[in-house]
Amino acid sequence: MNFELLYIVWNPSEVIFHLGSFGIRWYSMCWLVGLLLGYLLMRRLYKEQSIADEKLDPLFVYIFLSVLIGARLGHCLFYQPDYFLSSWTHFVEMLLPIHHMPDGSWRYVGFEGLASHGGVIGMILAILLYSRNVKVPVWTVLDNMGVCSCITATFIRLGNLMNSEIIGKVTDVPWAFIFERVDSHPRHPGQLYEALAYALFFFIIYAVYRRRRDRVGTGYFFGLCITLVFTARFFIEYTKDIQVDFESGMPLDMGQLLSIPFIAIGLYCMFGRKGMRKLGAK
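Only a predicted model underlies this, so the values are computations on that prediction, with no experimental measurement involved. (Residues numbered from 1 in each chain as written. Predicted model: local features only at pLDDT ≥ 70, side-chain atom pairs only at ≥ 80, totals over all residues. Heavy atoms only, no water.)

The positions that UniProt labels "binding site: a 1,2-diacyl-sn-glycero-3-phospho-(1'-sn-glycerol)" (unreviewed entry) are, in the present scheme, Arg157. Residue placement: Arg157 occurs in helix α6 (residues 138-162). Judged by relative accessible area, Arg157 falls into the buried class, the value being 7%. With sequence-adjacent residues up to four places away left out, Arg157 is seen in contact with Ser116, Ile166, Gln191, Glu194, Ala195, Tyr198 and Arg233. (UniProt positions renumbered as here; feature names shortened; annotations may be inferred. Helix = DSSP H or I, 4+ residues; strand = E, 2+ residues; numbered from the N terminus. Buried < 20%, exposed > 50% of the residue type's maximum accessible area, 1.4 Å probe, protein only. Contact = heavy atoms within 4.5 Å.)

Below, the structure written as structure tokens:
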């Protein structure tokens, strides 16, 4: 059988539609849809757990800003510190969605480069601040976030697919994608692998939540979420092409190295805290 006939030639437009000169991109829309679905699900969880409605909206603001900032700083500091810390103009590019052009001008390009590990770190820090300021138990918030997060992560990876970024290694599997924006080689659709895995994890975690809602506040659902997500991430990385040159000689790439501590934290939250009293009852 000629598998080449099954390859998916992939080169969608980055822009869905234009509002004047401003283009609405698929990547931004995927982020917004993912965040909206996460917000609506979190609203439902708060209602089921009799948490006051007025305590939800501040969480959305905390999470939106912290995930965006954390993901951006994570990419710049984990993957390209030699570039972003090399000059003042590059440092500005790390903080603002602009790029310094060779002629000395600045051009709006959006944030080109976001790292999920940095986003998770930002989210955890934001939840700690939110919990202290809004007076919702931190482990309750973390567990609810564990129930919701995978649906948002699914759409973020679909955004990466629409952008033809975080591509996989060259392969001859019949479902390979040819990312025309990159080259003409058939490659693993690593973004799609992750999106499908995260969608599956969402349904698994939500099903467990419906049966064992009493575990909210113990850290179990937060631990289950990050254990599943980063274990999948660790193995899917084997199908991905390297993102930066310094990874080429490493036995494990940066994504895998960063996933290991998250897996350990997840397992601890699921099993190491067993027997401890529920902090959410405070």
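Here the narrative resumes.
Moving on, we get to the packing of aromatic side chains. Per the stated rule, a full pass over the model turns up 16 aromatic pairs. Consider the rings of Tyr27 and Trp31, whose centres lie 6.5 Å apart with planes at 65°: the pair is edge-to-face. Of the two residues, Tyr27 and Trp31 both sit in helix α1 (residues 26-48), four residues apart, roughly one turn of that helix. A residue is classified by how much of its surface remains accessible, and Tyr27, at 13% relative accessible area, is buried. (Phe/Tyr/Trp six-rings, centres within 6.5 Å; stacked < 30°, edge-to-face > 60°.)

Once that is clear, we can look at the domain arrangement of the protein. When the parts of a complex come together, some accessible area is lost, and that lost area is often used as the size of the interface. Taken domain by domain, the protein holds domain 1 (13-51 + 139-281) and domain 2 (53-135). For domain 1 and domain 2, the distance between their C-alpha centroids amounts to 17 Å. In this complex, domain 1 contributes 26 residues to the contact, which on the side of domain 2 involves 22 residues. For the pair domain 1 and domain 2, the two sides together bury roughly 2400 Å², of which 77% comes from carbon and sulfur. Summed over the shared surface of domain 1 and domain 2, the number is one salt bridge. Put simply, Arg43 and Asp57 hold a salt bridge, and the shortest N to O gap is 3.5 Å. Viewed at the interface, domain 2 and domain 1 are joined by three residue pairs in polar contact (both at pLDDT 80 or more). If you list the elements that add at least two residues to the side of domain 1 that touches domain 2, you get α1, α6, α8 (220-236) and α9 (254-272). It is α1 that provides the largest number of residues to the side of domain 1 that touches domain 2, a total of seven residues. (Domains from an automatic or database assignment. Buried area = accessible area lost by both parts, 1.4 Å probe. Salt bridge = Lys/Arg side-chain N within 4 Å of Asp/Glu carboxyl O. Polar contact = N/O pair within 3.5 Å; in protein donor to acceptor, adjacent residues only side chain to side chain.)

What follows deals with the packing of helix α5 (residues 116-134) against α6. Between two packed helices, both the angle of their axes relative to each other and the distance between the axes serve to describe the pair. Look at α5 against α6: their axes get within 11 Å of each other, and the N-to-C directions meet at 150°. In terms of orientation, α5 lies roughly antiparallel with respect to α6. Along this stretch, α5 crosses α6, giving a crossing that reads as right-handed. Between α5 and α6, the contacting residues are Ser116, Met123, Ile127, Leu128, Tyr130 and Ser131 on the first element and Val138, Val141, Leu142, Met145, Ser149 and Arg157 on the second. Looking at side-chain class alone, the contact of α5 with α6 contains eight nonpolar, three polar and one charged residues. (Axes fitted to C-alpha atoms, helices over the stretch in contact; angles between N-to-C directions. Parallel < 35°, antiparallel > 145°, perpendicular 65-115°, else oblique. Left-handed = near helix turned anticlockwise from the far one by under 90°. Nonpolar A, V, L, I, M, F, W, Y, C, P; charged D, E, K, R; others polar.)

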